[in-house]
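Letter by letter, the chains look like this.
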Amino acid sequence: MTVSFKGKSSRRAFLKGTLAAGGTLAGATLAKAEGADPLITEKQPWAQGLGDGVDATPYGLPIKYEDDVIRRNVEWLTADTISSINFSPIHALDGTITPQGCAFERHHSGAIELKKEDYRLMINGLVDQPLVFTYEDLERFPRVNHTFFLECAANTGMEWAGAQLNGAQFTHGMIHNMEYTGVTLRTLLEEAGLDAAGDLKDKWVYVEGADASSNGRSIPMDKALDDCMIAFKANGEALRMEHGYPVRLVVPGWEGNMWVKWIRRIEVTDQAVQSREETSKYTDTLENGTSRKWTWVMDAKSVVTSPSPQAPIKHGKGPLVITGLAWSGRGAITRVDVSKDGGKTWETARLANPGQPMALTRFYLDTTWDGEEMFLQSRAMDETGYVQPTKTQLREVRGENSVYHNNCIQTWWVNANGEAENVEVS
Amino acid sequence: MSKYRNLIIGTAMTAISAAPAFAERFGLGRAALPEEVAAWNVDVSPDGTGLPEGSGSVEDGEMLFSESCAVCHGEFAEGVDNWPKLAGGQGTLDRKDPLKTVGSYWPYLSTAWDYVHRSMPFGNAQSLSADETYAIVAYILYSNDLVDDDFVLSKENFLEVEMPNADGFIIDDREEAEKSFWGEPCMTDCKSEVKITMRAAVLDVTPDEEGAEEASMDEGTTETPAAEEAKAEPAAAPAEEAVAALDADLVATGEKVFKKCKACHQVGDGAKNKTGPILNGIYNSAVASVDGFKYSKTFKSMAEEGMVWDDANLAGFLAKPRKFAKGTKMSFAGLKKDKDIAAITEYLKSVSQ
């Protein structure tokens, strides 16, 4: 039985249909033993006729049966899609690499079409020689490859005041994870020369995009020289337009807004510019009305991607794979615990691969479902010993007005028919 | 910084150790010409670094704002729909759903100047001259009650403007304030009871394929969902007798003046309460008597006193709204000309018949 998830209404319709036919979702699998399977005993058209030739799709897209695995938008969040955000379908993905075509987008003035031939990157300010690079120049510097997650600081931001959006895509989908190819920012800064900057300890780089929003952020020099990249490839191919083609900045472990797309300028300065995106936005207001600024690093966080509201259990009781993603801006994930009872007891999940610094880590809990309701939670730990907090713990320190940096433990209420719902528990 | 910070750097350095080691320069790229640097290097910092020569008045700013900004931000910087509000909100930062505007939140004036100049207007960025930018920023300050209506902002007096929330920020203190998040977590008997305290399905704001549901929540422009509140009873029934003859020309003029009000107030068939209440029937009606609109405390107490929107009260309120009704939510600065007030009153009479 093929079921494509297309929003809650069709899922509800599906559930209703199942209930009418067999009582519960679990009923769907009980029928399997009755008689021989015609998919096996009868010759199928795909086993007799011919498929598409090699050039049918010169650049392939996912098969039509996967057309529900797409980015989705929450329209009421913003005034206009030009300055807006959508969400990666993390509930339907596995492994750790996010395909570019469904990796979330966030634009401030829309995604622009900028040709490589028209691309220029300037380095100015406190450098020995202000320089201009073309795209071809960038390709002649020694290259590096690294995989990093990019998380918007507002990911899960709608959940501060309570459970709100019903799906991992919407609660946690402002994230993607790609393998980047590019040049280190250090290489370019050293090419321009930093002697003119003097003591680098209190220096900054201000980075700015070529689009109309001219998004700019100030980054401390030690981070700029540490691990930032000027990237021009992701997952082996050119960046997509919506992710900053032809060149974007990569700021590992730090909030996505700093990863300036279509980066056109790097200025070495002796102070933070205090641009709009580092003062009026991306600052976190505490209960007493004061606000934290320069909250760059993304705290350790995790979420169960399946089962989840958009990925209900359809097979009934028995073997069940609980899976999800974990990440930390402070380094590698070392452990993920999963609770089925809303945090009373925890068991340690299996990491698909050892955690890599500032990259998504996939975890699995291979378990047996007894068909009873579950309050599914996951809790990440990173190499600094940080443990992902509960929403209550976060609210005690930050109140409910932070908007950004909500890394709380998420709860999915899986009920006996396999459906899951975003809830908040005591 | 802290031990964790050092740890990150340590980790990261290991991570990129696969990078080729080199110290020499590659001789790639070319020198940036001074005019090229000048064309792109236009960011402005809090100490005024980057500010060009120039100046602009509140008066000019009001006109420019109306032309270039009001379509999204409202005539009085009060914001249209989900677009950002630029004025108001002072004193709300420690409340539920704080209103963050240039006046209530932004710590540096340079940020406003830089952003207006470099990133606005939306769809026509980098089209404003330095003088125009000074004027628009002056108007934004005025709409936040931070300067008077005769104020002129310039490079010279730029740093003298005091931003109310300048001291409202602290540098990221998570590693201190949230120290308790580091440690060994509980594995068994971590709590005795688990109860559902909130469900997303009850709120029902998740989009489905039919499109997004109606809701009005946004990080920056949150409107409190209309909570039913006790409304002041109309103190007096509108006078039905003696409908005075209207001056048609004056009504027409008033309709033009009303354009300034339209961003927030609707009239006519199918009018709805927006940022401000419907104004059908407002003339000679009791203050704060429009159904379903959440009035300020000020308006509620005016209603309790039995105030009616007669000529005198309308004239007083429209001339200086915030002086006449201290605490009103209406962010309109007021109509300067008596003849505009007379015209709009006539127009409101016409929609009240």
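Worth saying up front: this structure is predicted, and the values here are computed from it rather than measured.

This part takes up the domain arrangement of chain B. Here chain B is described as being made up of domain 1 (53–160) and domain 2 (248–350). Once you take the C-alpha centre of each, domain 1 of chain B and domain 2 of chain B turn out to be 25 Å apart.

Attention shifts here to the domain arrangement of chain A. Residues and elements named next belong to chain A. Examined at the domain level, chain A breaks down into domain 1 (102–292) and domain 2 (301–423). A straight line from the C-alpha centre of domain 1 to that of domain 2 covers 28 Å. Contact with domain 1, which involves 37 residues of that partner, is made by 33 residues of domain 2. Around 3000 Å² of area is buried between domain 1 and domain 2 when both sides are counted, 55% of it from carbon and sulfur atoms. Counting the surface domain 1 buries against domain 2, the share from its top three residues, Phe149, Trp160 and His172, is 27%. Linking domain 1 with domain 2 are one salt bridge, by the criterion used here. With a shortest N-O distance of 2.8 Å, Glu151 and Lys301 are connected by a salt bridge. Our count for the domain 1 to domain 2 interface comes out at 19 residue pairs in polar contact (both at pLDDT 80 or more). At the level of secondary structure, the elements contributing two or more residues to the side of domain 1 that touches domain 2 comprise strand S6 (144–151), helix H5 (168–172), strand S7 (175–184) and strand S14 (284–285). Tallying contributions element by element places H5 first for the side of domain 1 that touches domain 2, with five residues. Taken together, the residues of the side of domain 1 that touches domain 2 sort by class into 14 nonpolar, 15 polar and eight charged.

Time to look at the side chain of A:Asp382. Residues and elements named next belong to chain A. With respect to the helices and strands, the residue Asp382 is situated in strand S22 (residues 374–382). Within the buried set, Asp382 has no salt-bridge partner at all; the shortest N-O distance to an opposite charge, 4.9 Å, is to Arg330. The residues touching Asp382, leaving out its near neighbours within four places in the chain, are Ala300, Ser328, Arg330, Ala332, Ile333 and Thr334.

What follows concerns helix H6 (residues 185–192) of chain A. The buried fraction of H6(A) is high, at six of eight residues. Listed as buried for H6(A) are A:Leu185, A:Thr187, A:Leu188, A:Leu189, A:Glu191 and A:Ala192.

We now examine the pairing of S7(A). All names here are of chain A. The buried fraction of S7 is high, at nine of 10 residues. Pairing of S7 with strand S10 (residues 229–234), which is carried by five bridges, proceeds in the antiparallel orientation. When the bridges of S10 are listed, Tyr180 appears paired with Ala234.

Contacts between the two partners involve 101 residues from chain B and, on the opposite side, 122 residues from chain A. A combined buried area of about 9600 Å² lies between chain B and chain A, and 56% of that area is made up of carbon and sulfur atoms. When residues of chain B are sorted by the area they lose upon contact with chain A, B:Leu28, B:Trp40 and B:Phe181 head the list and together hold 9% of the total. At the junction of chain B with chain A, the criterion picks out 11 salt bridges.

In this section: a negative patch on the surface. There is a patch of like negative charges on the surface, built from B:Glu59, B:Asp60, B:Asp148, B:Asp149 and B:Asp150. Locating B:Asp149 in the fold gives a position in the loop between helix H6 (130–143) and strand S3 (152–154).

All names here are of chain A. The residue Gln164 is located in the loop between S6 and H5 in this model. You can call Gln164 buried: its relative accessible area is 8%. In this structure the C-alpha to C-alpha distance between Gln164 and Val423, which are 259 residues apart in sequence, comes to 8.2 Å. Side-chain polar atoms of Gln164 contact the backbone oxygen of Met158, separated by 2.6 Å.

Rules used in this analysis
Residues numbered from 1 in each chain as written. Chains lettered and ligands numbered in written order. Predicted model: local features only at pLDDT ≥ 70, side-chain atom pairs only at ≥ 80, totals over all residues. Heavy atoms only, no water. Domains from an automatic or database assignment. Contact = heavy atoms within 4.5 Å. Buried area = accessible area lost by both parts, 1.4 Å probe. Salt bridge = Lys/Arg side-chain N within 4 Å of Asp/Glu carboxyl O. Polar contact = N/O pair within 3.5 Å; in protein donor to acceptor, adjacent residues only side chain to side chain. Helix = DSSP H or I, 4+ residues; strand = E, 2+ residues; numbered from the N terminus. Nonpolar A, V, L, I, M, F, W, Y, C, P; charged D, E, K, R; others polar. Buried < 20%, exposed > 50% of the residue type's maximum accessible area, 1.4 Å probe, protein only. Lys, Arg positive; Asp, Glu negative; His and termini not counted. Pairing = 2+ DSSP bridges. Patch = residues over 30% accessible without salt bridge, like charges linked within 9 Å, V, L, I, M, F, W, Y side chains within 5 Å. Areas by Shrake-Rupley, 256 points an atom, 1.4 Å probe, with all protein chains shown as cover. Charge placed at Lys NZ, Arg CZ, Asp CG, Glu CD.

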